[in-house]
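# Topology and contacts: notes
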2 protein chains.
Amino acid sequence: MGDIALLANVSKPTVSRVLNNSPLVNEETRERVLRVAREHGYAINRNAQKLRQARNDTVAVVLDFGSHRAGRIADPFIFELLAGVSEALSVRNQDLLLSPPSLTDVQSHLDLISSRVADGFIFLGQGVREPMLRDLARAGAAFVVWGGVDPKEPYCSVGSDNRLGGQLAGELFVKRQAKRWLYVGNIAHSEIRMRYDGLCEVAATHGDVHVAHLDVEQMAYASTYQSMVAWLQKNPPPDAVFAFSDTAAIAIVAAFREFGLEAPTDYALCGYNNIPPAADFTPALTTIEQETHLAGAILVEKLMQILEGGKPKSSLLPTRLIVRQT
Amino acid sequence: MGDIALLANVSKPTVSRVLNNSPLVNEETRERVLRVAREHGYAINRNAQKLRQARNDTVAVVLDFGSHRAGRIADPFIFELLAGVSEALSVRNQDLLLSPPSLTDVQSHLDLISSRVADGFIFLGQGVREPMLRDLARAGAAFVVWGGVDPKEPYCSVGSDNRLGGQLAGELFVKRQAKRWLYVGNIAHSEIRMRYDGLCEVAATHGDVHVAHLDVEQMAYASTYQSMVAWLQKNPPPDAVFAFSDTAAIAIVAAFREFGLEAPTDYALCGYNNIPPAADFTPALTTIEQETHLAGAILVEKLMQILEGGKPKSSLLPTRLIVRQT
DNA sequence: TTGTAAGCGTTATCAC
DNA sequence: GTGATAACGCTTACAA
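All of these numbers come straight from a predicted model, not from anything done at the bench.

## Quick notes on the protein's contact with DNA strand C
- Around DNA strand C sit 25 residues in total, of which M1(A), S16(A), Y42(A), T29(B) and R52(B) are the nearest.
- Protein-proximal atoms of DNA strand C, defined as those within 4 Å of the protein, fall in sugar or phosphate at a share of 56%.
- Contact distances for DNA strand C include 3.3 Å between a base oxygen and a side-chain N or O atom of R52(A).
- With respect to DNA strand C, the side chain of T14(B) contributes an N or O atom lying 2.9 Å from a phosphate oxygen.
- Among the secondary structure elements, those contributing two or more residues to the surface near DNA strand C are α2 (12–19) and α4 (46–52) of chain A together with α2 (12–19) and α4 (46–52) of chain B.
- The leading source of residues in the surface near DNA strand C is α4(A), at four residues.
- For the surface near DNA strand C, a count of residues per class yields eleven nonpolar, ten polar and four charged.

## Focus: the interface of chain B and chain A
- Tallying the contact residues gives 48 residues for chain B and 48 residues for chain A.
- Carbon and sulfur atoms supply 60% of the area buried between chain B and chain A, which totals about 4400 Å² over both sides.
- Summed over the shared surface of chain B and chain A, the number is zero salt bridges.
- Counting across the interface, chain B meets chain A through eight residue pairs in polar contact (both at pLDDT 80 or more).
- Of all elements in the fold, only α4, α6 (77–91), β2 (95–98), α7 (106–114) and α12 (246–258) of chain B reach the threshold of two or more residues within the side of chain B that touches chain A.
- With seven residues, the top contributor of residues to the side of chain B that touches chain A is α6(B).
- Here the residues of the side of chain B that touches chain A sort into 25 nonpolar, twelve polar and eleven charged.

## A word on the UniProt feature "domain: HTH lacI-type" (unreviewed entry) in chain A
- As recorded in UniProt, the sites labelled "domain: HTH lacI-type" (unreviewed entry) are residues 1–53 of chain A.
- End C-alpha atoms of residues 1–53 of chain A are separated by 17 Å, and the span's content is 64% helix alongside 0% strand.

## Some words on the protein's contact with DNA strand D
- The local shell around DNA strand D holds 25 residues, among which R17(A), T29(A), M1(B), S16(B) and Y42(B) are the closest.
- For DNA strand D, the backbone makes up 62% of the atoms found within 4 Å of the protein, where backbone means sugar plus phosphate.
- At 3.0 Å, a backbone N or O of N45(B) approaches a phosphate oxygen of DNA strand D.
- Residue Q49(B) places a side-chain N or O atom 2.9 Å away from a phosphate oxygen belonging to DNA strand D.
- Those elements that place two or more of their residues in the surface near DNA strand D are α2 and α4 of chain A together with α2 and α4 of chain B.

## What to know about the environment of A222(A)
Residue and element names in this part refer to chain A.
- Of note, A222 is situated in helix α11 (residues 221–234).
- Using a relative accessible area of 42% as the deciding quantity, one classes A222 as partly exposed.
- Sequence-wise, A222 and A8 are 214 residues apart; in three dimensions their C-alpha atoms are separated by 64 Å.

## Here we look at the relation of the copies chain B and chain A
- Mapping chain B onto chain A leaves a residual RMSD of 0.1 Å; the transformation is a rotation of 180 degrees accompanied by 0.0 Å of translation along its axis. Seen this way, the second copy is the image of the first under a two-fold rotation axis.
- Residue by residue, 100% of the interface of chain B is reproduced at the interface of chain A, so both copies engage with the same surface.

## Quick word on the state of the cysteines
Residue and element names in this part refer to chain B.
- Scanning the model with the defined rule gives zero disulfides over all chains in all.
- Counting only cysteine sulfurs, C200 is the nearest neighbor of C270, a cysteine outside any disulfide, at a range of 15 Å.
- Residue C270 is classed as buried on the basis of its relative accessible area of 0%.

Thresholds applied
- Residues numbered from 1 in each chain as written.
- Chains lettered and ligands numbered in written order.
- Predicted model: local features only at pLDDT ≥ 70, side-chain atom pairs only at ≥ 80, totals over all residues.
- Heavy atoms only, no water.
- Near = heavy atom within 4 Å.
- Polar contact = N/O pair within 3.5 Å; in protein donor to acceptor, adjacent residues only side chain to side chain.
- Helix = DSSP H or I, 4+ residues; strand = E, 2+ residues; numbered from the N terminus.
- Nonpolar A, V, L, I, M, F, W, Y, C, P; charged D, E, K, R; others polar.
- Contact = heavy atoms within 4.5 Å.
- Buried area = accessible area lost by both parts, 1.4 Å probe.
- Salt bridge = Lys/Arg side-chain N within 4 Å of Asp/Glu carboxyl O.
- UniProt positions renumbered as here; feature names shortened; annotations may be inferred.
- Buried < 20%, exposed > 50% of the residue type's maximum accessible area, 1.4 Å probe, protein only.
- Least-squares fit on C-alpha atoms with pLDDT ≥ 70 in both.
- Disulfide = S-S within 2.5 Å.

See the structure below:
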């Protein structure tokens, strides 16, 4: 920067002002400086800049690869979110640091902030980290979460209305006159648990309905299939199944087929996410669709509010049932 | 850091040495410094550190959201790669910066390096950027690419053997005695084009085989479906179809069904990637599997070699045909 | 084995 | 409007 200043016959602070679009500089000076900078392919050293400034203009995004890898990744769902966040951060000139898998406890997250790497976090999927997130909030870290929205939590989250999703599935099952329902999903994840809660709520209003629950450890295709097969070997088949994802629903269809059972004849089946192949699967999957294209922008917006001292409220995005064959 | 130095009765450089695991410090001093640092929740300011050092220990990863978003993301494939890269970088204490969508031309990439944000790039999927990548290589930027491997390119790439994948599909079609082949995919992407080349090679050795090509603009489900329907309205149906992805293959099944055609009776069909639902789709999809779990580590390894002045060679990962119903 | 001094490239402060 | 100066927090070179 010193060189540019010399070549343009100005001082360093002036160059800095030009590069930061300060309104305080003479139009003529500005153009001269810009020209010289361009000619010499000058690019500002962002580390020096960040060292001097209060903010880092960097957001760490936490993906739960742990839950989604392990075999093969489940629905591409979470990555649409990532694309949205990436876009929204870019618009605001914020860098996106993808959080390393080694970041697990509260302290390592806090360290990332105190070492001035990132200003705050966006968690995509709270996974099984709720206690950690509570502690992180208590420690005063800036972050927002995509996942299950619980107004009682001390942090800001954005998510689709999972409880409503569960209710919609429940109402569908009632309409199909199913009595032995099965919920498949790892309810340690709060968004998954809230769907279960919604389902149970509807069940509770119908005395003759019983809801069972099958836990799947990993959110991948193969493990869901295996758990489902194992379950069917030990239990009488349910007449309605609500799966935590469409990929899981596909695995469930395969598992039931092993026992000569087909949807919708032998059981009703509802998936989640409305992934593209769901409509063309045989049988075409009934599923719940989440409204996600705005999620990235909303998450970024709320985090920026927090970084500016605000206290944005959590918010819910709509959810709707898409009835197909199953 | 000054504070810690004072409290531990040493100088700043000594604190620095301790924190960087320098072997030059007395064991006793080291422990005292570490204790004080821990007690005060001290974390090094990484911006100051990066400002002072030659390397940034940051790698920018470029995802082609442009190709994969647009509707809904195609196969989750590219994100398994991302998980692998994230893991491998973390092991080497390298930060992962997710490249903003605004980074498109050579200059903006070079700027990211000259502004000392990242040391180099990992491109996941070369997309339609080959000319840009060539220029970037010419400009001396450090980067590696996942995608189609062409030894003639002036940069280091890692990818599965796409040409072999095409040949495998071709041999399958020969065995099924198909004569009118159709390749579906955007051959502006080199990895997609190489599969086409492999297919055509096999076709060329069989005089009576004709290969047609259907271009799809966006790699998403819906656009593939629409293109396929439009094509079938204007052309006699092929008796063998090779799709650039399994998701595309599923779209193709749906499109053919509109015309009363089913695989494998009316046509042979081969997908790509072996995504989890492929085996349970009706009909079960024949597909090509790529060996990807090592890809992330290999990409990172090669980039590190480049950053240390080396010139690693491009390399191919194995590919195999998985024959199912179609 | 440890300390002193200088400098990395920016921006904030304050003077002009 | 613009410039001089200091300061951000660290590491390197060199001295002790």
